[in-house]
Number of protein chains: 2
Amino acid sequence: MASSIIATNSSANACTHGFIKASCSDCNLKGLCLPIALDIGDIERVDKIIQRSRPLQSGDHLYRTGDPFRSIYAVRSGSIKTYLVDENGIEQVTGFFLPGEVLGFDGVANHKHACNVVALETSSVCEIPFEKLEELSLQIHTLQHHMFQLMGQQIESDHQMMLTLSKKNAEGRIATLLLSLSKRYARRNLSPNAMRLPMSRMDMGNFLGLTIETVSRTLSRLHKEDVISVDGREIVLKNHERLDELCHLLQ
Amino acid sequence: MASSIIATNSSANACTHGFIKASCSDCNLKGLCLPIALDIGDIERVDKIIQRSRPLQSGDHLYRTGDPFRSIYAVRSGSIKTYLVDENGIEQVTGFFLPGEVLGFDGVANHKHACNVVALETSSVCEIPFEKLEELSLQIHTLQHHMFQLMGQQIESDHQMMLTLSKKNAEGRIATLLLSLSKRYARRNLSPNAMRLPMSRMDMGNFLGLTIETVSRTLSRLHKEDVISVDGREIVLKNHERLDELCHLLQ
DNA sequence: ATGTTGACTTGATTTACAGCAAAAAGGCGC
DNA sequence: GCGCCTTTTTGCTGTAAATCAAGTCAACAT
């Protein structure tokens, strides 16, 4: 959904003192998240403000609606779901975030977070205190520009999602999500065809505005038609062109 | 949908030389768009980079998908629609922008605009060259913060829209739009109850993921139930609580 | 006044997906 | 292995909104 700002090596491990040894400069995700033009010195300045805490377990919340906004987060490993809960308890999954992607921009506007964020599996994140990031952005203009770009990307992808929810049928919505995940795997040099979905059918359906039954039926049909293969959360994309067609099919 | 950054008096007129006499400091919309904390001197620095051109006529495009990204725009008067067109010609209205609101953040990410922007009626905008705005934002930290806030607001409202499209029925979608417009009129000290819709049924339907027939039928039903009164584009909200209920009704 | 055009409304019918229910398949502790 | 619980799948039925098809209405030109 979004690309990332700053993230450290996904092979980073907790050390004996309970914090994480890692740095942006030797993180294999930095190409996804830091401005490419940033020089070594500036990377280190960014690196200094980043906090790396112990991993989240599946189901752990990173923050909740109403929490004071202090930081944005880059996903280092695992996967993360963001969701709104409105007054009457209606839930809406607003995004899935994979390693190298940045979340937390809800909250910038009102100094309070506007959604809930939960780990879908064991995941680790880099926490970037926003005030310090703003200070640095005043000094490093490529960093400021990059921040604008990240937020702009989020806006663009949200608009695409509005189109998906408003205009596509069930097959188109599923195909759109699968291709989005595929592209994001490819960016990390992982296979764009074989993947394990990080989210449940429930989460997929909620995100796409469909019931779990429709998600399940649609996946089954696509399997039967040999467009994909489905085995629980293991998915293989077998016919990208057909998926593309489904994405753009007029209703 | 968004609040604005910088906008000048809506009573501004074209002068004989073909440009517009106006300035941020005497604009009655500046409270909506400029950071409140900005001092007079800084307002003038912002004012200097703003370009005010002659008004757009209904149907005029401000920019189109693929155009090089140079500026963002604050609406000064009238109303503006943004919309995506995907590869197969599916259109999705992504937002309506009223005086005091800022648009154009699509385009930040890729230096190319990612949507189309068209005037729904005679409208005027303040054009703010983005590079210059970035430069100023490096110097005026409240301005940088404000830019982040504006983009954050856009993201939040887009997420709300995802919930609307994904979870609400036709009545809930219509009610949500009407209340949103009402709140935005109220911010400008206009009546929150009586309003003239700036957009056609077609645009409403496209934005909300409904056909024009459903929009029309739903408005008629709400009229019959005395929740609103409808006369073409003239709408009066007669029962805000009921509209609120409809917004949050689970399916 | 009269025809023309485009925007909107209303009615009848169809359909994609929701909702309900029950069975199948994992996952996990013991 | 075996029960327990959750997730997913599959079948059947109902419904909200789409689609198709006329109409109405207002603006505007002839």
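Residues numbered from 1 in each chain as written. Chains lettered and ligands numbered in written order. Predicted model: local features only at pLDDT ≥ 70, side-chain atom pairs only at ≥ 80, totals over all residues. Heavy atoms only, no water.

(A) Up close: the sheet that holds strand S3 (residues 71-77) of chain B. One open sheet holds the 4 strands; their spatial order is S1-S8-S3-S6 (chain B), and the pairing between them is antiparallel. Edge positions in the sheet fall to strand S1 (51-52) and strand S6 (102-103) of chain B, since each has one partner strand and no second. (Pairing = 2+ DSSP bridges. Helix = DSSP H or I, 4+ residues; strand = E, 2+ residues; numbered from the N terminus.)

(B) Focus on the sheet that holds strand S7 (residues 116-119) of chain A. Residue and element names in this part refer to chain A. With respect to topology, 4 strands assemble into an open sheet ordered S2-S7-S4-S5, the strand pairing being antiparallel. One side of each edge strand has no neighbouring strand; the edge strands of this open sheet are strand S2 (61-63) and strand S5 (91-97). Adjacent strand axes in the sheet meet at a mean angle of 30° when their direction is disregarded. Examined bridge by bridge, strand S4 (residues 80-85) and S7 share 4 bridges and lie antiparallel to one another. By the bridge assignment, Tyr-83 is partnered in S7 with Asn-116. Contacting S4 and S5, helix H6 (residues 201-208) crosses the sheet at an angle of about 105° to S5. (Axes fitted to C-alpha atoms, helices over the stretch in contact; angles between N-to-C directions. Contact = heavy atoms within 4.5 Å.)

(C) Layout of the protein's contact with DNA strand C. Taken together, 16 residues lie around DNA strand C, and Ala170(A), Thr214(A), Arg201(B), Arg217(B) and Ser220(B) are the ones closest in. Across the atoms of DNA strand C situated within 4 Å of the protein, the share located in sugar and phosphate is 63%. Within the side chain of Thr211(A), a nitrogen or oxygen atom sits 3.0 Å from a phosphate oxygen of DNA strand C. Between DNA strand C and Arg233(B) there is a distance of 3.3 Å, counted from a phosphate oxygen to a side-chain nitrogen or oxygen. Elements supplying a minimum of two residues to the surface near DNA strand C: helix H7 (212-224) of chain A together with helix H7 (212-224) of chain B. The leading source of residues in the surface near DNA strand C is H7(B), at 4 residues. Classifying every residue of the surface near DNA strand C gives 2 nonpolar, 8 polar and 6 charged. (Near = heavy atom within 4 Å. Polar contact = N/O pair within 3.5 Å; in protein donor to acceptor, adjacent residues only side chain to side chain. Nonpolar A, V, L, I, M, F, W, Y, C, P; charged D, E, K, R; others polar.)

(D) Up close: the interface of chain B and chain A. In this assembly, 48 residues from chain B lie in contact with 48 residues from chain A. Interface area, chain B with chain A, both sides summed: about 4,700 Å², of which 66% is carbon and sulfur. In terms of surface lost to chain A, no three residues of chain B exceed Phe148(B), Met162(B) and His248(B), which account for 15% of the buried area on that side. Summed over the shared surface of chain B and chain A, the result is 0 salt bridges. Counting across the chain B and chain A interface gives 22 residue pairs in polar contact (both at pLDDT 80 or more). The element that contributes the greatest number of residues to the side of chain B that touches chain A is helix H4 (residues 141-167) of chain B, accounting for 21 residues. (Buried area = accessible area lost by both parts, 1.4 Å probe. Salt bridge = Lys/Arg side-chain N within 4 Å of Asp/Glu carboxyl O.)

(E) Broad picture of the pattern of salt bridges. Residues and elements named next belong to chain B. Applying the stated criterion across every chain, the model contains 17 salt bridges over all chains. A salt bridge links Arg-52 to Asp-47, with the nearest nitrogen and oxygen atoms 2.7 Å apart. In this pair, the class of Arg-52 matches that of Asp-47, namely buried. Several salt bridges share partner residues, and in doing so they unite Glu-101, Arg-184 and Arg-187 into one network. (Buried < 20%, exposed > 50% of the residue type's maximum accessible area, 1.4 Å probe, protein only.)

(F) Quick peek at the side chain of Asp158(A). Along the chain, Asp158(A) turns up in helix H4 (residues 141-167). Among buried charged residues, Asp158(A) stands out as having no salt bridge; its nearest opposite-charge side chain is Arg184(A), 10.0 Å away. Those residues in contact with Asp158(A) that lie beyond four places of it in its chain are Ile155(B), Asp158(B), His159(B) and Met162(B). (Lys, Arg positive; Asp, Glu negative; His and termini not counted.)

(G) Looking closely at the relation of the copies chain B and chain A. Between the two copies, chain B and chain A, the superposition gives an RMSD of 0.0 Å; the rotation angle is 180° and the shift along the axis is 0.0 Å. With respect to symmetry, the two chain copies, as superposed, fit the operation of a two-fold axis. No C-alpha of chain B lies nearer the rotation axis than that of Leu138(B), which sits 2.4 Å from it. Mapped onto chain A, 100% of the interface residues of chain B again fall at the interface, so both copies present the same surface. (Least-squares fit on C-alpha atoms with pLDDT ≥ 70 in both.)

(H) The protein's contact with DNA strand D, seen in detail. Near DNA strand D there are 17 residues, and of these Arg201(A), Ser216(A), Ser220(A), Ala170(B) and Thr214(B) occur at the shortest range. In DNA strand D, atoms within 4 Å of the protein come from the sugar-phosphate backbone in 64% of cases. Glu213(B) is positioned with one of its side-chain polar atoms (N or O) 3.2 Å from a base nitrogen of DNA strand D. Note that a base oxygen of DNA strand D is positioned 2.8 Å from one of the side-chain N or O atoms of Arg217(B). The element contributing the most residues to the surface near DNA strand D is H7(A), with 4 residues. When its residues are assigned to classes, the surface near DNA strand D shows 3 nonpolar, 8 polar and 6 charged.

(I) Structural detail: the domain arrangement of chain A. Residue and element names in this part refer to chain A. As far as domains go, chain A holds domain 1 (2-153) and domain 2 (168-247). Here domain 1 and domain 2 have C-alpha centroids that lie 26 Å from each other. The interface is formed by 19 residues belonging to domain 1 together with 12 residues belonging to domain 2. Summing both partners gives a buried area of about 1,300 Å² for domain 1 against domain 2, and 57% of it is carried by carbon and sulfur. Its largest share of buried area at the contact with domain 2, domain 1 owes to Leu-32, Phe-96 and Leu-98, together 44% of the area lost on that side. Counting across the interface, domain 1 meets domain 2 through 2 salt bridges. In this structure, Asp-203 engages Lys-81 in a salt bridge whose closest nitrogen and oxygen atoms are separated by 3.0 Å. (Domains from an automatic or database assignment.)

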